[in-house]
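# Report on the structure
One letter stands for each residue in the lines below.
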Amino acid sequence: MKKRLLSGMRPTGPLHLGHLVGALKNWEKLQDEYECFFMVADWHAHMSEYERPQDLRRYTLDNVIDWLSCGLDPEKSVLFVQSHIQEHAQLYLLFSNITPLGWLERCPTYKEQLREITTRDLHTYGFLGYPVLQAADIVIYKAHAVPVGADQLAHLELTREILRRFEHIYKKKVFPEPQAILTETPKLLGIDNRKMSKSYQNFIALSDSKEEVGKKTGQMVTDPKRIKKTDPGHPKVCNVFSYYKIFKPEMEKEVHHWCTKAEIGCIECKKKLADILNGVLEPIREKRAQFTRHRSTVDDILTQGAEKARGVCVETLKETRKLIGLY
Ligand code: TRP
Ligand code: SF4
């Protein structure tokens, strides 16, 4: 029996190269090792986007199309949309009842987001409960493993704490303790050397055209000390070079040599990188075009995913309701 795994993404924007190397490549591999559930966390997205939710539907579908185009396989994994499974909300409510306010108020991601996100009003009851819903997402599948980035570790720790409290109160162990799968993923910076982010518009999207990739690659920040082509460059400080390391490691030595010996200009170096990135993106683009033409296939995949997911959730809830004293 394979162990069960769940992960999710919030549909707040188009997926980009950072998602590809940071999550999707990894998820694709995990499909063979685990019984996988991958979810578009649209309720979680709504917690921050509730005032401007008009893109949510589009991003939800778009993200799933990207998942499918990057190798997530509905024959192997259950792909679904969080809000299609009402049962998550029910377990979330039950968990809310036992979660002390202080745990949520002290959650580092909560404090940080309230401080840093100024474009939205996050002083809501729902947003405080973000990690409780996440705990329900995981526990309702009795998931053992949760592949996430380091930024989600606090939420996973909270999941385990809620679970421990649950077991302490109801004197029974019914859920496995979920563990993070933290894979070493390369950190990709945006084309302006800042953190890749939707608000900076500094990413290369999986859906970008060949021309857009060429243009954005051309805008990438390089070694600032290299002014003339005859100046030797410093690949170590160059973001273009770090993209080579990730997307074409076989060329690392060669590019290093060209750069430090001033045998190549930055413009040419970036053109070559654009070709490499386009080589990576082309098969994804082709699949994406197919799925976009056959949207009903994607809807069918999500309907079937929801059915499978719901089957598991209904069982967990039956067991849970009884255990906590509901008739
Ligand atoms: N909070 C996660 C993020 O922003 C998304 C998410 C929601 C999730 N529910 C989850 C991740 C359950 C893992 C497991 O990335
Ligand atoms: Fe960066 Fe390439 Fe220019 Fe060197 S030649 S600084 S690696 S873009």
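Residues numbered from 1 in each chain as written. Chains lettered and ligands numbered in written order. Predicted model: local features only at pLDDT ≥ 70, side-chain atom pairs only at ≥ 80, totals over all residues. Heavy atoms only, no water.

### Structural notes on the overall build of the protein
- The helix and strand inventory of the protein stands at 14 helices and five strands.
- With respect to the principal axes defined by its C-alpha atoms, the protein has extents near 80 × 45 × 40 Å.
- Looking at the protein residue by residue over its 327 residues, the buried ones come to 49%.
- Within the protein, contacts between residues separated by at least 24 positions form 78% of all contacts whose residues are at least 6 apart in sequence.
- Here the protein has roughly 17,100 Å² of accessible surface; of this, 53% comes from carbon and sulfur atoms.
- A gap of 3 Å separates the mean positions of the 50 positive and 43 negative side-chain charges of the protein. (Helix = DSSP H or I, 4+ residues; strand = E, 2+ residues; numbered from the N terminus. Buried < 20%, exposed > 50% of the residue type's maximum accessible area, 1.4 Å probe, protein only. Contact = heavy atoms within 4.5 Å. Areas by Shrake-Rupley, 256 points an atom, 1.4 Å probe, with all protein chains shown as cover. Lys, Arg positive; Asp, Glu negative; His and termini not counted. Charge placed at Lys NZ, Arg CZ, Asp CG, Glu CD.)

### Structural notes on the nonpolar core
- Counting 54 residues, the largest nonpolar core has Leu-17, Leu-24, Trp-67 and Tyr-243 as the members making the most contacts within it.
- Both domains that furnish three or more residues to this core are identified here as domain 1 (4-187 + 295-324) and domain 2 (210-288).
- When sequence neighbours within four positions are dropped, the list of residues in contact with Tyr-243 reads Leu-17, Leu-188, Leu-189, Gly-190, Met-196, Met-220, Lys-248, Leu-273 and Leu-277.
- Listed in part, the 44 residues of the second largest apolar core include Phe-37, Leu-133, Leu-163 and Val-312. (Core = buried A, V, L, I, M, F, W, Y, C linked by side-chain atoms within 4.5 Å. Domains from an automatic or database assignment.)

### Topic: the site of ligand 2
- Taken together, Thr-222, Asp-223, Arg-226, Cys-238, Val-240, Phe-241, Cys-259, Ile-264, Cys-266 and Cys-269 make up the full set of residues adjacent to ligand 2.
- Those elements that provide at least two residues to the shell around ligand 2 are α11 (239-247) and α13 (266-293).
- Each residue belonging to the shell around ligand 2 can be placed in one class, and the counts come to seven nonpolar, one polar and two charged. (Near = heavy atom within 4 Å. Nonpolar A, V, L, I, M, F, W, Y, C, P; charged D, E, K, R; others polar.)

### Remarks on helix α10 (residues 210-218)
- Buried within α10 are the following residues: Val-213, Lys-216 and Thr-217. Across the axial projection of α10, the buried residues extend over an arc of 100 degrees, all falling on one side. Exposed side of α10, more than 90 degrees from the buried face: Glu-211 and Lys-215 are the residues found there. (Arc of directions from axis to C-beta.)

### Focus: the environment of Ser-83
- Tracing the chain through its elements places Ser-83 in the loop between β3 (78-81) and α4 (86-98).
- The sequence separation of Ser-83 and Ser-197 amounts to 114 residues, and the corresponding C-alpha distance is 25 Å.
- When neighbours within four sequence positions are excluded, Ser-83 is seen to be in contact with Asp-42 and Trp-43.

### So, the packing of aromatic side chains
- Per the stated rule, a full pass over the model turns up 10 aromatic pairs.
- Between Trp-27 and Trp-67 the ring centres are 5.4 Å apart and the planes differ by 75 degrees, which places this aromatic pair in the edge-to-face class. Of this pair, Trp-27 sits in helix α1 (residues 17-33) while Trp-67 is found in helix α3 (residues 56-69), placing the two residues 40 residues apart along the sequence. We note that Trp-27, like Trp-67, is buried.
- For the ring pair Tyr-243 and Phe-247, a centre distance of 6.0 Å and an interplane angle of 40 degrees mean the geometry is tilted. Placement of both Tyr-243 and Phe-247 in helix α11 is noted, with a separation of four residues, approximately one turn of the helix. (Phe/Tyr/Trp six-rings, centres within 6.5 Å; stacked < 30°, edge-to-face > 60°.)

### Considering the site of ligand 1
- Taken together, the neighbourhood of ligand 1 is formed by 14 residues, with His-44, Tyr-130, Gln-134, Asp-137 and Gln-152 sitting nearest.
- Between a nitrogen atom of ligand 1 and a side-chain N or O atom of Gln-152, the distance comes to 3.0 Å.
- Protein coverage of the free-state accessible area of ligand 1, which is 360 Å², stands at 91%.
- Counting only elements with at least two residues in the shell around ligand 1, the list comes to β1 (4-9) and α8 (130-139).
- Examining the composition of the shell around ligand 1, we find that four residues originate from one element, α8, more than from any other. (Polar contact = N/O pair within 3.5 Å; in protein donor to acceptor, adjacent residues only side chain to side chain.)

### Details of the side chain of Thr-99
- The residue Thr-99 is located in the loop between α4 and α5 (101-105) in this model.
- Within the local environment of Thr-99, its side chain forms a polar contact with the backbone oxygen of Phe-95, the two atoms lying 2.7 Å apart.
- Contacts of Thr-99, omitting those with residues within four sequence positions, involve Leu-104, Val-132 and Ile-162.

### A closer look at the packing of α10 against α13
- Their axes nearest at 9 Å, the elements α10 and α13 cross at an angle of 145 degrees. The handedness of the crossing between α10 and α13 is right-handed. Across from Lys-210, Val-213, Gly-214, Thr-217 and Gly-218 in α10, the residues of α13 making contact are Lys-270, Leu-273, Ala-274, Leu-277, Asn-278, Leu-281 and Arg-285.
- Its residues assigned to classes, the contact of α10 with α13 comprises five nonpolar, four polar and three charged. (Axes fitted to C-alpha atoms, helices over the stretch in contact; angles between N-to-C directions. Left-handed = near helix turned anticlockwise from the far one by under 90°.)

### Some points on the pairing of β1
- Taking burial as the measure, the six residues of β1 include five buried ones, the bulk of the element.
- As judged from the six bridges shared by β1 and strand β2 (residues 35-40), these two strands associate in the parallel manner. Each residue of the ladder has a partner; that of Leu-5, found in β2, is Cys-36.
- Once you follow β1 into α1 and on to β2, the crossover reads as right-handed. (Pairing = 2+ DSSP bridges. Right-handed = clockwise from strand over helix to strand, strands pointing away.)

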